[in-house]
Each structure stands twice: as structure tokens, then as C-alpha cells.
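Fold and geometry: a report
For reference, the chains in residue letters:
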Amino acid sequence: MPDASRLIRTQAWQALKTHYEEIRATTLRQLFAEDATRGESFCARGAEIFLDYSKNRITAKTLSLLFALARERGLEARRDAMFRGEKINITEDRAVLHTALRAPRWSSIHVEGRDVVPEVHAVLDRMSDFADRVRGGKWLGCTGKRIKNVVNIGIGGSYLGPEMACLALRPFSQRSMDFRFVSNVDGSDFSEATQDIDPAETLFVISSKTFTTLETMTNALTARQWLVEALGRGDAVAAHFVAVSTNDAKVREFGIDTANMFGFWDWVGGRYSMDSAIGLSTMLAVGPQNFKEMLAGFHAMDDHFKTAPLEQNLPVLMGLLTVWYNNFFGAQTMGVMPYASGLKRFPAYLQQLQMESNGKHVDLGGRSIDYQTGPVIWGEPGTDAQHSFYQLIHQGTKLIPCDLIGFCLPLSPLEHHHHLLMANMFAQAEALAFGKTAEELAAEGSPALQTPFRVCEGNRPTNVILAERLTPKTLGSLVALYEHNVFTQGVVWDIDSFDQWGVELGKVLAGQITPELTAEREPPLKHDSSTNALIRRYRGFQGRRQ
Ligand code: G6Q
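Described below are features of the structure shown in this document. Nothing here was measured: the structure is a model prediction, and the numbers come from that model.

Calculation rules
- Residues numbered from 1 in each chain as written.
- Predicted model: local features only at pLDDT ≥ 70, side-chain atom pairs only at ≥ 80, totals over all residues.
- Heavy atoms only, no water.
- Axes fitted to C-alpha atoms, helices over the stretch in contact; angles between N-to-C directions.
- Helix = DSSP H or I, 4+ residues; strand = E, 2+ residues; numbered from the N terminus.
- Parallel < 35°, antiparallel > 145°, perpendicular 65-115°, else oblique.
- Contact = heavy atoms within 4.5 Å.
- Nonpolar A, V, L, I, M, F, W, Y, C, P; charged D, E, K, R; others polar.
- Buried < 20%, exposed > 50% of the residue type's maximum accessible area, 1.4 Å probe, protein only.
- Core = buried A, V, L, I, M, F, W, Y, C linked by side-chain atoms within 4.5 Å.
- Pairing = 2+ DSSP bridges.

1. Regarding the packing of helix α13 (residues 280-307) against helix α14 (residues 314-328)
- At their nearest, the axes of α13 and α14 sit 8 Å apart, and the two run at 70° to each other. Classified by the interaxial angle, the pair formed by α13 and α14 is roughly perpendicular. Together, M301, H304 and F305 of α13 and L314, P315 and V316 of α14 make up the contact between the two elements.
- Within the contact of α13 with α14, the residues separate by chemical class into five nonpolar, one polar and no charged.

The following block contains the structure:
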């Protein structure tokens, strides 16, 4: 196992450091001027996704050093271990097998001697049958009405993927049904989602791997009460609640028949679970066939990641470029701008995927590390983002590498909108890379006074990701692209990309503070002076005694 500073001491890392000093002042203008075919050669394609990475501050030498680094860190062996079902999530002693969720029916993948593929497909079959019944009006509410509203109650990994996918795949979804998501423990989230819907036409999907998560269980209990009170019958739960979980006992305890429960497994991490039964709301929206298309897209990218040489491997290329900017250029953040309004929630989805996976400060041996790990991920759809924060990317003082994601064909019939949308995406990548010099501005007649303010230095790197259309299949491939990109980064940094211990502390403290907020008399407060005073102020507004 590598020790804490082994990454820094690798030959490839040292060579990259030296190389960075050589290349840091080189501009994209120079690189494109030196090589007229750069735009065609610095590209790769896999699972029907095209990546143009030519507008990055790299040369062929940078790439070969980055690939050498990946090899020195054992990327291929670690990737194969993941696909084989080895327990690579060492801190939780678990296999990491989201790739099994999209494995074809005929394949086999063993976890502790058991082939998991038949179990995966058995759940998919049950989900499909259920989704067909609800969509076809055969599964009815307890008063005999058709289900028109689906409310997914879940948080984190049990929410972000399904919501993102439901929005992205709206053109493929059943228009007579409405899909809503309740995640926050803020009561407004539940109230707003349910205030204008008829309980008799509503199905709640309680999505929780553990079925113990505070936010989800609070919202689920509120939903049960809301429904039972409104319909005036205790037996309403059976027709209006289904569960997605790994915890049969807790589901039963809640009052949901396990016949209406869809399971998954401990080897599926929350943020890697949108293609498991956690995707039930997605399947209800788009139907089993489209859901399976999405799984096929995931699988196509898995295959690409597994078999393409590192040099042409999309997730590897993107992961290594992130390492390049994060660790050598010192870039703190990365932007992801989808040029597709349907992908509005894709940046939020990626925030969890990347930041929860790679926001780590110790290596696999538990030792503090002396290099940067996961960057801050953020973004909004283009073109909205252009009218908001792109200014800082173009002319600010920070280096922010961006992924721009677009599609060659629109989903809407408004084709001329699509030309404008994509023209903007291509233009932004061009402007960020090449900018505008004072000379060019002067030649265009820019007033001398304004010239320094109008200069765009350029040299701002982008990846351009292009696919044909935003279909279920493309969405699957796109998500898998980022999953394996995150994995690649994690292998280079030698961290566990599959645990999330950092979120525990706050949960424990919230558990302690809740009774301190609600107790009739103020209990002895043993926090720091700031927390104590905040609690007292809150209690004061609630009219509780000091
Ligand atoms: C994801 C995390 C986390 C998790 C939520 C919900 O990788 O583990 O976001 O998905 O905390 O957990 P449950 O599904 O158990 O409710």
C-alpha cells in the first residue's frame, strides 16, 4: 500500500511537476498555432459520447506523463478489481458494484461466491411489472382512482439521481402523471409538494437504503399521516406507499408490506444508486423500456471504461485532466455547464457524486495526505449561466476548467432555438480558449479607454462533451462517464471514493441539539458559547423558558 507521500514521490508525479513548469506559460493560442490538426487529434469517443479535450493546457507529453501516472498508481488493476466485485470500499468493507446494476441478463458477477446478476434482474422485472400497472391504470388508489402523482421521499443519493433523471427525461415521460420530490426536513418541502394534489391519486415512493435516515423517515411519517387523515382510512397505506430499501425489517415496521418493497444491496453506494430500485420513480415516469435503455447506456460506458486503452478512454482522460488542473495548476473548482435545460439538476447530482466521493483527507492506509484531493464542483445550464457568472470565468483571476455538455439534435421541435443554444456553447469554448487581445480590440475600433477592460486573456480550459440527443441511453452513458471519472481521480489520489464519514458528525450533533430546542425548561447547554447562544435565541423566539 502506498504511504502518504508516495504519490508525490512517484516518478510520474515528479516528471509532471517538471513538465508543468515548462508548460504553465504556454497558451492555447500557441498550442493551436503549432498544430493545425489539434482539434481533430485531441478527441476521443466511447459509448456514443464524443469528447473534445483539445482546448486543455496540455501537450502530447502531458498526456503521456498523466497516463504513466495512472499506470504507476495501478488504475487498470483497481478498475478490474472494482468490476470483479472485490471489496475496494475498504473502510466499510464492501464491494463497489454499481456496474452490476446494468449488467446484461446473461452475464454473471460474483459477490462472496453468489452471482448477483439474477437478483438484479429479478428486482428489475418486479419494478417493470409494478411500473406498468401504475402507468396503465391497473394499480389504483384505495378509493379506486388512478395514480396521477408520484412523490419520491428520499434524500442525498436516494433523491438527487431520480430527480435529475426525471427532469432530464421529461420528453420521454408519461405526461398524465406528475412527479415530485421531497427531500428536505424543512416542512415546507413536504407541504409545498402536496398542497395541490389529491391524496386518493397519489403514490409515495419512500426511497431509503437504510430506512433510518432522519429527513426521509420524518417526511414519510408526515406523508402517512397526511394520507390517512385525508382519506379517513387506516388501510390506505397499502395502495399508496411503496418502499425502496435494503432494510426489510424497518420497512415492515413502518407499515409497508414487503411485497411492495423493491430491494437493492449493500454493494450499491447511495450516490451510485440511481440505476438501482432507487430509480423506481424514474421508471414510473419513463416506463420500463426507457429505463432499460438508460441502463444500456450505463453499461456501454462501463464496457468502454473497462476495455478502451487508457489513451482513448473517456473517463480516464477526464479524470486525469482533473488531476492535472487540481494538483499542478492549483485549480480549486471545476464548472459543469450542460447546454440542455433538461440537465438543470445535473450539476447538483455531480456535486454529490464527486464531492462526497473525493472530498477526503486521508489515503487508503488512513494516513494524512500532502496533496489536494477533490475540487469543488459547481455549475448551471448554459445559456443561463452565461448571463450570470461566466464573467468571472472569462476575466476573473481564478482558473476554472469547465466541462461544456451539448447535444447535436434537439428534443423539442424548435430547431432554430437549438442552433442558437449550440452556437453559444461552441462560442463559449472558443472565447474561453482564445480570448481577445488588445491588438485585436484596437483593430476592431475599441475605444482605447475601454481596451484593458475588454481584453479577455483566454487560455481558460474546457472539455466539450457532445452526444447526438439527450435520450435515456445517452443519460446513462453520461452518468457512468462521470462515475468512472471520479473513480480514476480517486485511484490517483489513493483515497476511498466510496465512503462518506464526514457527514456523520453533524448528524450526531443535530441529534443532541433537537431536545435542547424543544425541552420545556432550558437544559444545561454544554456546547461552545456561540452554539449555546444560538440555541437560547431560538428558544426565545419559540417562547420557551430559559
Ligand atoms: C450517498 C450517501 C447519502 C445517502 C443519504 C440517504 O452516497 O450515502 O447521500 O444516500 O444519506 O441515505 P438512505 O438512502 O439510507 O436514506
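2. Description of unusual backbone geometry
- In this structure, T383 follows G382 across a cis peptide bond, with omega equal to 10°.
- Tracing the sequence through the fold places T383 in the loop between β11 (376-378) and α16 (390-395).
- Of note in this structure, E112 is not a glycine but carries a positive phi near 45°.
- The residue E112 is located in the loop between β3 (110-111) and β4 (114-115) in this model.
- Using a relative accessible area of 67% as the deciding quantity, one classes E112 as exposed.

3. Overview of the nonpolar core
- Ranked by internal contacts, the top residues of the largest apolar core, which has 120 residues, are L203, W267, L284, W324, L343, F346 and L475.
- Counting residues in each nonpolar core, the second largest holds 25 residues, with I153, F190, F211 and L227 among its members.

4. What about the environment of F172?
- Counting through the fold element by element, F172 comes out in the loop between α8 (160-168) and β6 (178-182).
- For F172, a relative accessible area of 21% corresponds to the partly exposed category.
- For F172 and P472, which are 300 residues apart along the polypeptide, the C-alpha to C-alpha distance reads 8.1 Å.
- Aside from chain neighbours lying at most four places away, what touches F172 is A285, V286, N290, L411, L470, T471 and P472.

5. Let's talk about the sheet that holds strand β7 (residues 202-207)
- Pairing is parallel across the open sheet formed by five strands, whose spatial order is β6-β5-β7-β8-β9. The strands lining the two open edges of the sheet, one partner per strand, are β6 and β9 (261-263). Strand-to-strand twist across the sheet, computed as the mean angle between neighbouring axes with direction ignored, equals 20°.
- Pairing geometry for strand β8 (residues 241-245) and β9, over three bridges, is parallel. Paired with A243 across the strands is M261, a residue of β9.

Interpretation note: all reported values are geometric properties and have no functional meaning in isolation.
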